[in-house]
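Chain and residue survey
The lines below spell out each chain.
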Amino acid sequence: MKKQLILLFALLPGMIMSAATVIRPAKQANYFLFPIQESAPTVRVRVVYENQEVDRFNIMLALTDADYTVPYDISRYDVRHLQFVVDGESKLLTDNTTDRFDDSNREIWRPEFHHMPAYGWMNDPNGMYYDPATGLWHLYFQLNPYGSKWENMTWGHSTSKDLLHWEHHQNAIKPDGLGTIFSGSAVIDKDNTAGFGKNAVVAMYTSASENQTQSIAYSTDGGMTFTAYAGNPVLTADIPDFRDPKIFRNEKTGEWNLVLAAGQEVRYYASSNLKDWRYLSSFGKGYGAHGGVWECPDMIELPVRGTDKTKWVLLLNINPGGPFGGSATQYFVGDWDGKTFKSDHRTTRWMDYGKDHYATVSFSGAPDGRHVVMAWMSNWQYAQSVPTTQYRSGNSLPREIDLYEDAHGELRMGVRPAREVRQLGKRFVLKPKKGKTANLEISNTAGDVVVITYDPQRQVLLFDRTASGRVEFSEDFPCEVKMPVFARKGDNMSQLTIDVFVDNSSIEIFDADGRFALTNLVFPNEPLTIYTQY
Ligand code: FRU
């Protein structure tokens, strides 16, 4: 007996040492509220109904003071047969049932015209597609429904008719026996190639547990609810970083293609039914930036402005290793023959020269030949410590991309705000006196200021947020970023016209000629409403 006990201690020290608390909701209600304290350790909660474990998740269970609460939906259960087994203790974990969870805003930095979750943590946009039958843009996203830091990856879901006003829906894909649900993509299978039904929405994502494998799930109710395919996973590999599948259609072969991130490269696959994937090729060795892991790739055929030509672009997110530290989006312009991608250049091109533009991917099936992308508006360097707690992170404004030729004959990515959101910007002409720079200050009466400077001699745009308000939460936050402006042949560089979009915690700058974008977070003590040019 003694021997057995010693063995148990040796094998399971963590489990034996931590006290478990069993709690039952005191009354029938829609939600049970868990108190969260962001400085508390993360503990596991198992949801047991009629003796069966039906769910599990991890929370920062409040020990002394709750920073906020998160709701767990118990409406479908008879609470007399329901219990939460929590690997930890908390004096605050008493009966906390409610019928209505109050998610009305409590943050001064909550965006007014950007997509963000109603509460909880968000990172990458996922599975974005446009549905021509309903005119809805679907946006799924990496969500932690049980706290405002990264955990319990689930696909949250929102839709919009105009890319500006977003409606939140119930979570679309939840962790299952294969793991939590990491990033991925979705397509409408209009020809029923997968056998889930004509026009079924098929999502492909990474199932993340000890290893990363690719799974699919389908929806036959217009993307609202998904069923995981019983034959998952559909793609495996024996490398640790193998994730973020993006499906794109190969019109020439009538097949599906897939690009995903595999460590320091991307891999391409093909399939006729979205279930059986055959390896085609890899790309990446010797190309672009490799200061971090490659994540969230996308393949888009883009028009070259002013011509009838198109070129393929590989969007590739990298973390860390961005131009100003941490996360950023690079891209490669080249050719795709249905099997291999050939890049025209070896050196990195950055898509956005701010610090808060990551995990950029495009909407599948955007109408009228549009190419619409969105980025997660944060940076892994400090995303989990920005000074909001009810929610953390929003997405960038939707952008439309194309290619333009610069004065050296290189193709660069052009970025414009999507036409639906353009009217929210303020236009400024930065016109320096000879030999000088032109500055735009965006400030408030609390003394917070952002300085934007155009220097025509160096052909750069600078963005300084060192005095923009709350910056102390991370040493990586206060910074000045510098962006080269890639001119086209014949461009007048003596002045620059920009459209500036200021929301409660972000500033996005777009070139009026559609050459660039620059995206940065700010946390001013009061809204930034004063514009001064000199
Ligand atoms: C990028 C990323 C993805 C991954 C997801 C997990 O921000 O690391 O590679 O799928 O976030 O939440």
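Residues numbered from 1 in each chain as written. Predicted model: local features only at pLDDT ≥ 70, side-chain atom pairs only at ≥ 80, totals over all residues. Heavy atoms only, no water.

**Comments concerning the pattern of salt bridges**
- Enumeration according to the criterion identifies 30 salt bridges in this entry.
- When the shortest N-O distance is used, the salt bridge between Arg243 and Asp241 registers 2.8 Å.
- Judged by relative accessible area, which is 24%, Asp241 ranks as partly exposed.
- Here Arg349 ties to Glu410 by a salt bridge, and the two come within 2.8 Å at their closest N and O atoms. Note that Arg349 is positioned in strand β24 (residues 349-350) and Glu410 in the loop between β28 (399-405) and β29 (411-417), a separation of 61 residues in sequence.
- Connected through shared salt-bridge partners, Arg488, Asp491, Asp511, Asp513 and Arg515 make up one network. (Salt bridge = Lys/Arg side-chain N within 4 Å of Asp/Glu carboxyl O. Buried < 20%, exposed > 50% of the residue type's maximum accessible area, 1.4 Å probe, protein only. Helix = DSSP H or I, 4+ residues; strand = E, 2+ residues; numbered from the N terminus.)

**Observations concerning the domain arrangement of the chain**
- Under the domain assignment, the chain is made up of domain 1 (21-98), domain 2 (120-417) and domain 3 (425-533).
- One C-alpha centre belongs to domain 1, the other to domain 2; they are set 33 Å apart.
- The interface of domain 1 with domain 2 comprises 12 residues on the first partner and nine residues on the second.
- On the domain 1 side of the contact with domain 2, Glu38, Asn58 and Tyr68 bury the most area, a combined 45% of that side's loss.
- Scanning the region where domain 1 abuts domain 2 turns up one salt bridge.
- Run the count over domain 1 and domain 2 and you get four residue pairs in polar contact (both at pLDDT 80 or more).
- Of all the secondary structure elements, the ones that give two or more residues to the side of domain 1 that touches domain 2 are β4 (52-60) and β5 (68-73).
- The element contributing the most residues to the side of domain 1 that touches domain 2 is β4, with five residues.
- Residue composition of the side of domain 1 that touches domain 2, grouped by class: eight nonpolar, two polar and two charged. (Domains from an automatic or database assignment. Contact = heavy atoms within 4.5 Å. Buried area = accessible area lost by both parts, 1.4 Å probe. Polar contact = N/O pair within 3.5 Å; in protein donor to acceptor, adjacent residues only side chain to side chain. Nonpolar A, V, L, I, M, F, W, Y, C, P; charged D, E, K, R; others polar.)

**Details of the nonpolar core**
- Grouped together as the largest cluster of nonpolar side chains are 45 residues, with contacts concentrated most on Tyr268, Leu314, Leu461, Ile498, Ile507 and Ile509.
- If we skip the residues at most four places from it in the chain, Leu314 touches Val259, Val266, Tyr268, Phe283, Pro297, Asp298, Met299, Gln330, Tyr331, Phe332 and Phe341.
- Grouped together as the second largest cluster of nonpolar side chains are 36 residues, Tyr130, Leu302, Leu315 and Val415 included. (Core = buried A, V, L, I, M, F, W, Y, C linked by side-chain atoms within 4.5 Å.)

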